[in-house]
Amino acid sequence: MKVPELAEVQRLLIVGMARSGIAAAQAARRVLPHIEVVIADRQAQPEAAGDTSSLEAAGIHLAMGREDHTLLDGCGLVIKSPGVPGDISLIEEAHHRGIPVWGEVEFAWRFLENPLIGVTGTNGKTTTTELIGHILSSSGCACRVVGNVGTPISSLVGRVGEDDILVAELSSFQIEDSILLRPDVAVLLNLAEDHLDRYPDIDSYFAAKMLMFANQQQEDLAVLNRDDPAIGEMAIPGAAGRVWYGRVARGDRSGPGAGRPLVYLSGGDIRYDQERLRAISAGVRSKLRSCLAPELPGRCRNGTAGGEDSKKVIAWSETALKGEHNLENSLAAAAVCLGIGLGAAKVAAGLRSFPGVPHRLQPAGTVAGVAYVNDSKATNVDAAIRALTAFDSGIHLILGGSLKGCSFERLARAATADRDKVKGVYLIGQAAAAIGESFRRTGGEVVMCGDLETAFRQASAAAVPGDVVLLAPACASFDQFRDYEERGELFLSLVDESSKGSD
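Just so you know, these numbers come straight off a predicted model, no measurement behind them.

**Q** For this particular structure, what's the right way to read the overall build of the protein?
**A** The helix and strand tally for the protein stands at 17 helices and 20 strands. A globule of 503 residues ought to have a C-alpha radius of gyration of about 23 Å, and the protein, at 23 Å, matches this closely. Scored against the burial criterion, the 503 residues of the protein give a buried share of 57%. Contacts in the protein between residues at least 24 apart in sequence constitute 70% of all its contacts with a sequence separation of at least 6.

**Q** Help me understand the nonpolar core, please; the structure alone is not making it clear to me.
**A** In globular proteins that are soluble, nonpolar side chains generally tend to be buried together. Membership of the largest hydrophobic core comes to 56 residues, with the highest contact counts inside it found for Leu12 and Phe107. Counting residues in hydrophobic clusters, the runner-up holds 48 residues, among them Val185, Leu327, Leu331 and Ala333.

**Q** Can you walk me through the layout of surface pockets in this structure?
**A** One way to see where empty space is left: roll a probe the size of a water molecule over the atoms. Estimates place the volume of the second largest pocket at around 340 Å³. Lining the second largest pocket are 17 residues; nearest its centre among them are Leu321, Asn326, Arg360, Leu361 and Pro363. A breakdown of the residues in the lining of the second largest pocket according to their chemical character gives 10 nonpolar, 5 polar and 2 charged.

**Q** Please explain helix α14 (residues 409–416) as it appears in this structure.
**A** It helps to recall that an α-helix has 3.6 residues per turn; residues three or four apart then point in one direction. Within α14, burial applies to Glu409, Leu411, Ala412, Ala415 and Thr416. Seen end-on, α14 carries its buried residues on one side only, within an arc spanning 160°. Against the buried residues of α14 lie α13 (381–388), β17 (395–400), β18 (422–428) and α15 (432–441).

**Q** Would you mind going over the sheet that holds strand β6 (residues 116–120) with me for this structure?
**A** Hydrogen bonds along the backbone pair up the strands of a sheet, which may run parallel or antiparallel. The sheet built from 9 strands is open, its strands ordered β7-β8-β6-β9-β10-β11-β12-β13-β14 with mixed pairing. Strands with a single pairing partner mark the edges of an open sheet, and in this sheet they are β7 (143–147) and β14 (312–315). For this sheet, the mean angle separating the axes of adjacent strands, direction not counted, is 20°. Pairing of strand β13 (residues 269–272) with β14, which is carried by 3 bridges, proceeds in the antiparallel orientation. Along β14, the bridge assignment pairs Arg271 with Lys312. Relative to strand β12 (residues 263–266), helix α11 (residues 324–340) is tilted by about 130°, and along the sheet it contacts β6, β9 (185–188), β10 (221–225), β11 (241–246), β12, β13 and β14.

**Q** Explanation requested: the sheet that holds strand β2 (residues 36–41) in the structure shown.
**A** Taken together, the 5 strands give an open sheet; going across it, the order is β3-β2-β1-β4-β5, and neighbouring strands pair in parallel fashion. Strand pairing shows two members of the sheet lacking a second neighbour, β3 (61–64) and β5 (101–103), which therefore form its edges. Within this sheet the neighbouring strands show an average axis-to-axis angle of 25°, counted without direction. Bridging between β2 and β3 involves 4 bridges; their strand directions are parallel. Bridged to Asp41 within β3 is Met64. Strand contacts of helix α1 (residues 19–31): β1 (11–15), β2 and β4 (77–80), with the helix running at about 170° to β2, the strand carrying the most contacts.

**Q** What should I look at first to understand helix α12 (residues 344–353) in this one?
**A** Those residues of α12 that fall on the buried side of the exposure criterion are Ala344, Lys346, Val347, Ala348, Gly350 and Leu351. Of the surrounding elements, those touching the buried residues of α12 are α5 (125–138), β13, β14 and α11.

**Q** Whenever I open this one, the packing of aromatic side chains confuses me. Can you help?
**A** Any pair of aromatic rings gets described here by the distance separating the centres and the angle formed by the planes. Counted under the stated rule, the structure contains 7 aromatic pairs. Centre to centre, the rings of Phe173 and Tyr199 are 6.2 Å apart; their planes meet at 45°, and the pair counts as tilted. Of this pair, Phe173 sits in helix α6 (residues 172–175) while Tyr199 sits in the loop between β9 and α7 (202–210); the two residues are 26 residues apart in sequence, bridging distant segments of the chain. Grouping residues by exposure puts Phe173 and Tyr199 together as buried. Between the aromatic rings of Tyr199 and Tyr205, the centroid separation amounts to 5.8 Å while the plane-to-plane angle is 40°, which identifies the pairing as tilted. The same class applies to Tyr199 and to Tyr205, which are both buried.

**Q** What exactly am I supposed to notice about the confidence of the model for the protein here?
**A** Fine structural detail should not be taken from predicted coordinates in areas where pLDDT scores are low. Summarising the model, the protein shows a mean pLDDT of 91, and 93% of its residues fall at 70 or more. A low-confidence stretch, residues 296–310 (pLDDT under 50), is modelled with 27 contacts involving residues beyond four sequence positions or located in other chains.

**Q** In this structure, what is going on with the packing of α5 against α11? I would like to understand it.
**A** Two packed helices can be described by the angle between their axes and the distance between those axes. Here α5 crosses α11 at 40°, and the two axes come no closer than 9 Å. In terms of axis orientation, α5 runs oblique to α11. Considering the relative orientation of α5 and α11, their crossing is right-handed. Within the contact between the two elements, α5 uses Thr127, Thr128, Leu131, Ile132, Ile135 and Leu136 and α11 uses Asn326, Asn329, Ser330, Ala332, Ala333, Val336, Cys337 and Ile340. Among the residues forming the contact of α5 with α11, the class breakdown is 9 nonpolar, 5 polar and no charged.

**Q** I keep staring at the environment of Ile22 and nothing clicks. Help me out?
**A** In this structure, Ile22 sits in helix α1. Here Ile22 falls in the buried class, since its relative accessible area comes to 11%. Each C-alpha atom, one on Ile22 and one on Val381, is 31 Å from the other, the two residues being 359 residues apart in sequence.

**Q** How should the pattern of salt bridges be read in this particular structure?
**A** A side chain of one charge can pair with a side chain of the opposite charge when the charged atoms of the two come close. Per the stated rule, a full pass over the model turns up 34 salt bridges. Salt-bridge contacts for Asp273 lead to Arg276; the nearest nitrogen and oxygen are separated by 3.5 Å. Judged by relative accessible area, Asp273 falls into the buried class, the value being 16%. Exposure remark for Arg276: the relative accessible area of 38% places this residue in the partly exposed category. In this structure, Arg482 and Asp483 form a salt bridge, with 3.6 Å as the shortest nitrogen-oxygen distance. Each member of the salt-bridge network shares a partner with another, and the members are Asp227, Arg247, Glu324, Glu328, Asp382, Arg386 and Arg410.

Calculation rules
Residues numbered from 1 in each chain as written. Predicted model: local features only at pLDDT ≥ 70, side-chain atom pairs only at ≥ 80, totals over all residues. Heavy atoms only, no water. Helix = DSSP H or I, 4+ residues; strand = E, 2+ residues; numbered from the N terminus. Rg over C-alpha atoms; globule rule 2.2 N^0.38 Å. Buried < 20%, exposed > 50% of the residue type's maximum accessible area, 1.4 Å probe, protein only. Contact = heavy atoms within 4.5 Å. Core = buried A, V, L, I, M, F, W, Y, C linked by side-chain atoms within 4.5 Å. 1 Å grid on protein atoms, 1.4 Å probe; cavity = no way out; pocket = protein on both sides within 12 Å on 5 of 7 lines; lining within 4 Å. Points joined across faces, edges and corners; volume = space filled by probe spheres on them. Nonpolar A, V, L, I, M, F, W, Y, C, P; charged D, E, K, R; others polar. Arc of directions from axis to C-beta. Pairing = 2+ DSSP bridges. Axes fitted to C-alpha atoms, helices over the stretch in contact; angles between N-to-C directions. Phe/Tyr/Trp six-rings, centres within 6.5 Å; stacked < 30°, edge-to-face > 60°. pLDDT = per-residue confidence, 0-100. Parallel < 35°, antiparallel > 145°, perpendicular 65-115°, else oblique. Left-handed = near helix turned anticlockwise from the far one by under 90°. Salt bridge = Lys/Arg side-chain N within 4 Å of Asp/Glu carboxyl O.

Given below as structure tokens:
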């Protein structure tokens, strides 16, 4: 355990009674029986808390509807849930008193001896995290997919074998309160404008993500997207070996990602530079050797004995995922899995069999010749633009939700550049007026709908066979929904109802 400073702590305060905060409180009760555990939330009845009797039965003290500074009296450590901003008065007072403030991920990591693969970036985190987990588990490795995908890391404290590999989706909110956090493998997918309702500027948002790399050492890996211009301009902290991946094999750029990437697309195939990758990843492969299932003899698809000997992994056309953004996600997952020591044949098998993730370009069904696609996870402008690239024409686009302080100008330009591609735009939620104004400035037309049900009906009425009704909101969901999942589930249910009505 990496927690010697907790020996003198008598009282621990957890701020935020959402899923992660509750998991942290329960973990603290399991592994720190001598410490008084208090969990507080500004809301009197937090939705995530549900029935609190089990928390009270475990000896966890509840302070609901409170944010007063007296909660800090006698406190030796504060754990902040990811959804709690760092500038609230209670957290600022903790810093003023010199009380350490840790994020839930930092707290959990201190008690876990498991190898950790952390995945961050503005977009693609969920798909890449789930894809890495799928490749590992289908290869016979024990692994747990945790973090921002829905399972708090704290829920595993005291409950997981040390050889289980943890694959964690980590948002900036989960990373920003890191002190010693050190993933064995840290992945940075991309950087784009997001969460400017939380951070004062885009540099602060980027800086939060960089904390995941800051403590890495030479025997760790940093897996980085060579094609993302913002990453190319960043000074990635830490001493980890750099594994760059990219869509092109050529070394035709300057900067940190100069030279040929180690995992890349060439001639339609995902390939890797075997010797260079082995040299850079020797340390992490040594650390994780006991966690990986032994390689089996056999032949990979291109006929080279024992997939490890081949530089080809798989033809991109053979993989389960489609779209340019998913090519980047697949390259990242391949770079991670090859880097830690999986053979190319196993990586190829996982890429081929991956079923995808809910709410991320999820086919929702076809009704009267119109395809419906649920991309409720597209919670920022960059994600919505990426969603548009998955279709050639006939898109009826549902946008809107809660504001995050970001501009919609790029999205408006992308959606109005080809009127045959995006045939209609339907706006919902708090952000509707701001999105509409951006579209008007580009000469685009929108339909103000207010809520998702109305937008669904309007889009369905306008669509003709061969068209696509796409939910890619470019916004968070908190104005009208609990989270993006609830929004996506409503869309799926509307498609289901529409399908039954057409029978």
